[in-house]
Amino acid sequence: MILLTVRYCVKPGSRDLVLALAKEMQTYARTEDGNIEYLQLPSIENENEMIVIEKWTSPEAVRAHQTSTVYKQFSEARRPYLIEGSMIIQSYRAEETAD
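What you are looking at is a predicted structure, and each value in this text was computed from that prediction instead of being measured.

**Re the sheet that holds strand 4 (residues 88-93)**
Taken together, the four strands give an open sheet; going across it, the order is 2-3-1-4, and neighbouring strands pair in antiparallel fashion. Of all strands in the sheet, those with a lone pairing partner are strand 2 (35-42) and strand 4, marking the two edges. Taking each pair of neighbouring strands and ignoring which way they run, the sheet shows an average axis angle of 10°. Note that strand 1 (residues 2-9) and strand 4 share six bridges and pair antiparallel. Within strand 4, the residue paired with threonine 5 across the bridge is glutamine 90.

Structural data, given as C-alpha cells:
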C-alpha cells in the first residue's frame, strides 16, 4: 500500500472555498481504481492549513490519480488560494495490520 500525507496552507479568508473544492476531489478520488482511503481535512491547529491522507494499492494507482483530468482541474482551481511553498508531500510504503 502507498500512503501519502499532504499538508498545505491556504490564504486567509479562502478556507471555505478550498473546503468545497476539496470535498468534490475527495468524493471523486474515492471512486478511483486503487483507492483505499482519501481524506481532505482542515487542521484543528491552524485554520488555514489542510491535511490530506491518501491510501492507494500501488504507485501506478497514485500516478493515475495525479494525472487524471479531475485531479488536474482541482489543482488548478485550488492554486490561486494556496500559500506558495506551503505544500509538503510525504509518501510511504505501508502495510495495514490488525490489532
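**Remarks on the packing of aromatic side chains**
All chains considered together, the criterion is met by one aromatic pair. Their ring planes at 50° and their centres at 6.5 Å tell us that tyrosine 71 and phenylalanine 74 sit as a pair that is tilted. On the criterion of helical spacing, the pair formed by tyrosine 71 and phenylalanine 74 is a turn pair, its members being three residues apart in helix 3 (residues 69-78). Residues tyrosine 71 and phenylalanine 74 agree in their burial class; the two are buried. For arginine 78, the ring lying beneath its charged end belongs to tyrosine 8, and the centroid distance is 4.6 Å.

The rules behind the values
Residues numbered from 1 in each chain as written. Predicted model: local features only at pLDDT ≥ 70, side-chain atom pairs only at ≥ 80, totals over all residues. Heavy atoms only, no water. Pairing = 2+ DSSP bridges. Helix = DSSP H or I, 4+ residues; strand = E, 2+ residues; numbered from the N terminus. Axes fitted to C-alpha atoms, helices over the stretch in contact; angles between N-to-C directions. Phe/Tyr/Trp six-rings, centres within 6.5 Å; stacked < 30°, edge-to-face > 60°. Buried < 20%, exposed > 50% of the residue type's maximum accessible area, 1.4 Å probe, protein only. Lys NZ or Arg CZ within 6 Å of the ring centre and 35° of its normal.

Any link to function would need more than the numbers given here.
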